[in-house]
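Residue-level listing of the chains:
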Amino acid sequence: MIRRAAWAFLLVLVVTLPAAAQLLSLPGMPKVTGSAAAASQSATAEDRKSLDDLIGILENETTRNLLIESLKASAYQPANGQASTNAEAASDQGDETIVDSVPAYLADTVRGSIEAVRETVVQFGEIAGQGANFLAGAQWIDLPRIWLALQPVLLVIAVVIAARVALRFAERPVERWIVSRDDRRSPLRRLLLLALATLLDGATILLAAACGHLAALWQQGGPPTFNQALFLNAFVLTEMIRLGLAAFVVPRLMPLRLTPFSDGQAAYWYGRLAILVSLLGYPFLFVAPIVQTNSSIAASNAVRFIAVTFVFISMLTLIIANTHHVARRLQRAHRNGDRSFQARFYAFLGSLWYLPAISFVFALYAVWLSSPRSGFQFMLGASLRSVAAMAIGGLIVTILSRFIATGFRLPAGAKARFPLLERRINGFIPRLLLVLRVIVILGVIGIILDAWSILDFASLLQSDLTGRAMRGTLGALLILFIGFAVYLVVSSWVEYRLNPNYGSVPTSRERTLLALFRNAFTVALAVIVAMLVLSQLGIDIAPLLAGAGVVGLAIGFGAQKLVQDIITGAFIQIENALNEGDVVQLGSVSGVVEKLTIRSVSLRSVDGTYHLIPFSSVDQVANMTKDFSNFVADVAVAYREDVEEVKAAMQEAFDRVRAGEQGINIIADFEMLGVETLGDNAVTVRGRIRTLPGKQWPVGRIYRQVIKSLLEERGIEIPFPQTTVWFGEGKNHEAVPLRIAQPAPGPSSDPLGAAEGRSRDAALHTPERNLDGTPIPPSSREDDADDGPER
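Predicted model only: the values in this text are computed from it and were never measured.

Definitions and cut-offs
- Residues numbered from 1 in each chain as written.
- Predicted model: local features only at pLDDT ≥ 70, side-chain atom pairs only at ≥ 80, totals over all residues.
- Heavy atoms only, no water.
- Helix = DSSP H or I, 4+ residues; strand = E, 2+ residues; numbered from the N terminus.
- Buried < 20%, exposed > 50% of the residue type's maximum accessible area, 1.4 Å probe, protein only.
- Contact = heavy atoms within 4.5 Å.
- Areas by Shrake-Rupley, 256 points an atom, 1.4 Å probe, with all protein chains shown as cover.
- Salt bridge = Lys/Arg side-chain N within 4 Å of Asp/Glu carboxyl O.
- Phe/Tyr/Trp six-rings, centres within 6.5 Å; stacked < 30°, edge-to-face > 60°.
- Pairing = 2+ DSSP bridges.
- Axes fitted to C-alpha atoms, helices over the stretch in contact; angles between N-to-C directions.
- Expected span 1.5 Å × (residues − 1).
- Arc of directions from axis to C-beta.
- Patch = residues over 30% accessible without salt bridge, like charges linked within 9 Å, V, L, I, M, F, W, Y side chains within 5 Å.

A. Fine view of the overall build of the protein. The helix and strand tally for the protein stands at 28 helices and eight strands. The 791 residues of the protein split such that 29% are buried. Counting contacts in the protein only where the partners sit at least 6 residues apart, residues at least 24 apart contribute 66% of the total. Summed over all atoms, the accessible surface of the protein reaches about 48,800 Å², with 64% contributed by carbon and sulfur.

Following this line, the structure appears as structure tokens:
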């Protein structure tokens, strides 16, 4: 502090002296004369001393750099009016300048850290001395008197231990029955069974203590002695703490375990922590009071010191021995590829978890040594509250995590009626449970901070701001839950109405309107719930509604195509032009209507192509399954066939189809329309079959198959494209002979048999014979000469 004041004073001199000199040099300022000069000469010695100090500071590199930094900081400070000539104000300003500088702050921080380290070393020395004082009280332990005091308690101890062991064996069949009632799919049921098993074990502890009390009554012939009562109280309290630890770890009833421990880990941690609890409970609650009564307070403090020191060393050994094991456990999810925030946090915690654990154990041990009563009581109470909060919170979080992992399962009958209900519930419940898990974690953190007096959690919960925030949050969560419940009910009802296996079979019109109603209701419900949630959170929704109106107007002008889609789709639905499941043709695209929304229609063509068509691009709708359908049967026959015979065959084919399995799809008699066209190669006879909507195609396929078989049975020709070659005819309307010229084969390349065959064919096809070999009359030969050129 003295050095800092000296630096401030020198800085004031350096800053104010040039300014004062400049002020004195201005016109109109008074000059120093007479007594003022004498006063100035009297101050020369002090100024010279200050200048010597300044020179010393400038000669030292560290102090010189600090002074330069301070001058820079002072030079860049904004001016606060005219400079004052008051030396005290200048000194204060210089002091603030130096304190606010970075080097001064660093120096002060280092100085404070060194002071804190020094005080810590001193405190550790005092704590070590206190421990030595505690241990020195061991010389006052009077073992003979203590043994005499313990003799009446030995019978009670033996009875309690024997009763505890016997009751543990007696409760095993009941525990096996409890375990047999476990359902792996229900974490809540497992929690209830674990609570039942814990209550059973707690009852055995109380029964064992009651047996010890009865033994004391029998031995003393009256109420138990003070020492016997000490042991019974120590037994009940210590065993209840161990019971709570067993309920969290569950080392024996493995199927009921909810915490993520393996069998080996549960047995390991419970065994060691239970021993530490016993080493603290029985010495503090039973041994130390007996020693204090029969020896001295110093002797009882020595007993407590030995117990605490042994537990302290055991805790350090346990932490160090499991450093790598716990680290691997915490980092397992991150090693397996999980990159979530939780996995990253656990991985970071696993790398240094032992440091806060060891620090906590050291702090607990030091606090007990420095203040065995109040300080240790505070630390122990805060630790127990923290452990209880973490245990209960961890149990709740584990149960919620199990619910999230397993999900919700509906019975088979309900699942058949509402196929999508289970998926919807499992889509909402994990999010709700995640919110509840965050609330539980925040509550555990608040309880821990309150236990260590870092935060007054109860006052925080009772404050107006926290109350409003909690009420708003709970109200928002309640609104979300109610909104989801309403959505679930409406969606399930629509789903039930659309389920053809239950109730009346919905028509295509009902399917379309119900789907549109569900979509519109979902949008409206989402908007209403969002507005109510914002209102519960304290947000004024009136400006939002006004802004929504303006935004809607802007969208109406900017998204005219969207508005056109919606309006066109509305009119199409009002006119009932198409519904889901209809086979329609929209422009050049045809297919089955799979989905209808307020602005578009989705078609699936016969080749599986999915088409999404906005309603604004639909100028006409051709619905091929509206009310009923027709199959148009066109039968083409040759010109030589009798039309009436063809009609009879078509009618008989219809009768056969109607008598078959497709007959249920035919809703009217066969309608014979008659001859439809006289084509180039065939006569087309048309008939029509009226069917249920969409059944014209299977009926038509069967009808074509049957009519083909009938036409073949009756010898009615089904024409197909043919080419007729015509060589003309003579004046007597007879065909002219066909003359084929063939080259004469050589003797070397033509076998004898082939040559004779060709000569015989040539003799048959000479100009004097017809194709059948008969001679041509002379009159015909003369007429041929007038028929024109040879063809």
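B. Local environment of the pattern of salt bridges. The full count for this structure, using the stated rule, is 20 salt bridges. Two residues, aspartate 201 and arginine 164, come together in a salt bridge whose shortest N-O distance is 3.1 Å. Here aspartate 201 is found in helix α9 (residues 187–220), whereas its partner arginine 164 is found in helix α7 (residues 143–170), with 37 residues between them in sequence. Note on arginine 164: relative accessible area 12%, which makes it buried. Here arginine 242 makes a salt bridge to glutamate 239, at a shortest N to O gap of 3.8 Å. Separated by three residues within a single helix, arginine 242 and glutamate 239 lie in helix α10 (residues 226–249), roughly one turn from each other. Classification of arginine 242 by relative accessible area gives partly exposed; the value is 23%. Look at glutamate 239 and you get buried, because its relative accessible area is 10%.

C. Broad picture of the packing of aromatic side chains. Scanning the model with the defined rule gives 16 aromatic pairs in all. Summarising the aromatic geometry, the rings of phenylalanine 231 and phenylalanine 286 are spaced 5.5 Å apart at their centres and angled 70° between planes, so their arrangement reads as edge-to-face. With phenylalanine 231 in helix α10 and phenylalanine 286 in helix α11 (residues 263–294), this residue pair connects regions lying 55 residues apart in the sequence. As far as burial versus exposure is concerned, phenylalanine 231 and phenylalanine 286 are alike and both buried. Ring centres 6.3 Å apart and planes at 70° place the aromatic pair phenylalanine 284 and tryptophan 368 in the edge-to-face group. Taken together, the residues phenylalanine 284 in helix α11 and tryptophan 368 in helix α16 (residues 354–370) connect sequence positions 84 residues apart. Residue phenylalanine 284 shares its accessibility class with tryptophan 368, and that shared class is buried. Through pairs of rings, three or more aromatic residues link up here, namely Phe134, Phe284, Phe305 and Trp368.

D. Geometry of the sheet that holds strand β5 (residues 621–623). Strand order in the open sheet formed by five strands is β4-β3-β2-β1-β5, and the pairing between neighbours is antiparallel. Among the strands making up the open sheet, the edge pair consists of β4 (610–614) and β5. Neighbouring strand axes in the sheet, compared pairwise and without regard to direction, differ in orientation by 40° on average. Pairing between strand β2 (residues 589–596) and strand β3 (residues 600–604): four bridges, direction antiparallel. Each bridged residue has a counterpart across the sheet, and for valine 592 the counterpart in β3 is arginine 604.

E. Representation of unusual backbone geometry. For valine 250, which is not glycine, the phi torsion reads 55° and is therefore positive. Inspection of the secondary structure puts valine 250 in the loop between α10 and α11. Valine 250 gets classed as buried once you look at its relative accessible area, which sits at 3%. The backbone of aspartate 627 sits at a positive phi, close to 70°, despite the residue not being glycine. With respect to the helices and strands, the residue aspartate 627 is situated in the loop between β5 and β6 (629–637).

F. Spatial organisation of α16. Taking 1.5 Å of rise per residue, the 17 residues of α16 would be expected to cover 24 Å, and the 24 Å separating its terminal C-alpha atoms lies within 8% of that figure. Taken as a whole, α16 has its buried residues at Ala357, Val361, Tyr365, Ala366, Trp368 and Leu369. Each buried residue of α16 sits inside an arc of 165° when the element is viewed along its axis, so together they form one side.

G. Representation of the sheet that holds strand β7 (residues 671–678). In spatial order, the strands read β6-β8-β7; together these three strands make up an open sheet with antiparallel pairing. Strands at the two margins of the open sheet, each flanked by one partner only, are β6 and β7. For this sheet, the mean angle separating the axes of adjacent strands, direction not counted, is 25°. Strands in contact with helix α25 (residues 643–659) are β6, β7 and β8 (683–691); relative to β8, the strand with the most contacts, it is inclined by about 25°. In this fold helix α26 (residues 696–713) packs onto β6 and β8, with an angle of close to 25° to the strand it touches most, β6.

H. A look at a nonpolar patch on the surface. A cluster of nonpolar side chains, namely Leu434, Val438, Ile441, Leu442 and Ile445, defines an oily patch on the protein surface of about 430 Å² accessible area. Note on placement: leucine 442 falls in helix α19 (residues 421–451). Classification of leucine 442 as exposed rests on a relative accessible area of 55%.

I. Layout of the pairing of β2. Sheet analysis places strand β1 (residues 583–586) next to β2, joined by four bridges and oriented antiparallel. Note on β2: the bridge partner recorded for glutamine 585 is serine 590. Following β2, the chain reverses through three residues before pairing antiparallel with β3.

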